[in-house]
Number of protein chains: 2
Amino acid sequence: MPLRPLVNRLDLCSINTATLGHRLPIQKTLDLIARAGFGAVAPWRRDMEGQDLNAVRRQLCDSGLKVNAYCRSTYLTARDSKGFKAALLDNCAAIAEASELQAECFVMVVGGVPEGSRDIAGARAQVAEGISMLRDQARSYGVPLALEPLHPMYAADRSCLSTLEQALDLCEQIEPGGFQSLGVAIDAYHCWWDPRLRQQIQRAGRQRRILGLHVSDWLVPTRDMLLDRGMMGDGVIDLRGIRRSAEAAGYRGHVEVEIFSRDHWWTCDEAQVLDTCAQRLQDVC
Amino acid sequence: MPLRPLVNRLDLCSINTATLGHRLPIQKTLDLIARAGFGAVAPWRRDMEGQDLNAVRRQLCDSGLKVNAYCRSTYLTARDSKGFKAALLDNCAAIAEASELQAECFVMVVGGVPEGSRDIAGARAQVAEGISMLRDQARSYGVPLALEPLHPMYAADRSCLSTLEQALDLCEQIEPGGFQSLGVAIDAYHCWWDPRLRQQIQRAGRQRRILGLHVSDWLVPTRDMLLDRGMMGDGVIDLRGIRRSAEAAGYRGHVEVEIFSRDHWWTCDEAQVLDTCAQRLQDVC
């Protein structure tokens, strides 16, 4: 399948609300994103705190915005079974919220190595157990789970799921036979360096498991491990190449912009950030 | 093969001179490392600037210190063929120095994506070509090349060689049939997160390619992407587990401490740092 042109097709694009720095109330954020012409939004749970989800849902309908994903899980890895159970419960509630918002998937960031532990294999086993249990909730609510491998620099404190291959291994282990309710979110920032990326994107496509494609850029130098992502085109990632691979593998979902940028983009006017996103999506993605 | 006890066996351990922050002249550094009882040292080229290598070699002999590795290559990846050729020449000179110091291997850090490029695959091809050419120099000087995959957070600016698997693929591509003069340095800091680590250590062992084992620790939080490594035992890495894998795969070389720590260990007295290294090697590695 040929690469979809994004020029004049912002309806194929989505804005993750983190890109705007969570500075505005969700109503205003949705309004800006819709007015800028984007087809979808990926809101965070923090945006929904204290909100009437039904009212948010109505605003989404009225504005024509889809919710391509709901962000994101509470970390599954925990020091003890009490913490693990609490994380499961909280994620069950989040999946219900995702359903209420008619989100196309719920993004899972699984957590790192629990405090005081050096057992990354044990953390990974805990993740497998947790995903397996949450899958039942996901099926009954009709909300697929998108496992998002994070860059290995977050393996200690955010995600012991570090590569696309590992995420797909987990999907197959828990849900053999191709996509039913477990898939992956491919974030270029997390995966761009991976020598097995192209091969694993193909594998993900064959299993119909690509539930999301996130773009931003890797800056040189990167001044903060969490909050210094770049705008597409400002770094070293071959974003078009990665999108080409995903679309060749059958991906037809939204291209989602997710930029954490405390010192630059989060200091800019939100409408201007959206304008830049729109331009760069069309020019370099 | 059982894990070698390190208690009272500092002769099996090495200090990479970067651990001491390159604050002292090499003569004093070698003296401190030998007096602390370590069996080997891994010096950097910068330590040798302006030095008479023969005199350094004599001091090493007199003190009984081996040189388990010489650090490290000039980045191979370059914007153009002129830069590439200059890097090759400089590395040829470094291999000759390594030979003069009777280093057991020369450590290769290959470079990231050249400035202005987004072509990581192209950078990797350049690395393969460069290693292939340097292997001739390595053979004629009798100095094995230890390819060191760096953590993926350095893929853009320091090393597009990011995993042990990728390093071994490169060794096999250039030098099929097991170790002759190409091997790998396994640095726990760079590789600890990798889901394929245990499997790839076994593979490296079968090919007799493990030329080095580096230890330090991954701190949570990590405050600087380059210069905030932890002392063994202060972070999340299962160092003994990784050493057990390497030794089960046949590794019998030195356990080398390499800690970049601008704000902590590089501010401490060198002899005290060496004492702590000695203690932690015996206690947690």
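Residues numbered from 1 in each chain as written. Chains lettered and ligands numbered in written order. Predicted model: local features only at pLDDT ≥ 70, side-chain atom pairs only at ≥ 80, totals over all residues. Heavy atoms only, no water.

If you look chain A up in an unreviewed UniProt entry, it shows as Sugar phosphate isomerase/epimerase from Pseudomonas azerbaijanoccidentalis.

1. Quick word on unusual backbone geometry
Residues A:C71 and A:R72 are joined by a peptide bond in cis, for which omega reads -20°. Along the chain, the position of A:R72 falls in the loop between β4 (70-71) and α4 (81-100). Although it is not a glycine, A:H22 adopts a positive phi angle of roughly 50°. Positionally, A:H22 belongs in the loop between β1 (13-16) and α1 (26-35). At B:N8, a residue that is not glycine, the phi angle is positive and equals roughly 60°. Mapping B:N8 onto the fold places it in the segment before β1 (13-16). Relative accessible area serves as the criterion here: at 67%, B:N8 is assigned to the exposed category. (Helix = DSSP H or I, 4+ residues; strand = E, 2+ residues; numbered from the N terminus. Buried < 20%, exposed > 50% of the residue type's maximum accessible area, 1.4 Å probe, protein only.)

2. Some details on the interface of chain B and chain A
Contact residues are listed per partner, giving 29 residues for chain B and 29 residues for chain A. Counting the surface lost from both chain B and chain A, the interface buries some 2300 Å², and carbon and sulfur atoms represent 66% of this. Together, B:R118, B:W193 and B:M225 form the three largest contributors to the area buried by chain B at its contact with chain A, with a combined 26%. Applying the counting criterion to the chain B and chain A interface returns two salt bridges. For the pair chain B and chain A, the number of links is eight residue pairs in polar contact (both at pLDDT 80 or more). Every element with two or more residues in the side of chain B that touches chain A is listed here: α5 (120-141) and α6 (164-174) of chain B. (Contact = heavy atoms within 4.5 Å. Buried area = accessible area lost by both parts, 1.4 Å probe. Salt bridge = Lys/Arg side-chain N within 4 Å of Asp/Glu carboxyl O. Polar contact = N/O pair within 3.5 Å; in protein donor to acceptor, adjacent residues only side chain to side chain.)

3. A short note on the UniProt feature "domain: Xylose isomerase-like TIM barrel" (unreviewed entry) in chain A
Taken from the UniProt record, the annotation "domain: Xylose isomerase-like TIM barrel" (unreviewed entry) applies to residues 30-263 of chain A. The annotated region residues 30-263 of chain A carries 42% helix and 12% strand content, and the separation between its end C-alpha atoms amounts to 23 Å. (UniProt positions renumbered as here; feature names shortened; annotations may be inferred.)

4. Section: the layout of surface pockets
Its volume calculated, the largest pocket comes out at about 470 Å³. Lining the largest pocket are 26 residues; nearest its centre among them are A:D224, A:M225, B:R223, B:D224 and B:M225. (1 Å grid on protein atoms, 1.4 Å probe; cavity = no way out; pocket = protein on both sides within 12 Å on 5 of 7 lines; lining within 4 Å. Points joined across faces, edges and corners; volume = space filled by probe spheres on them.)

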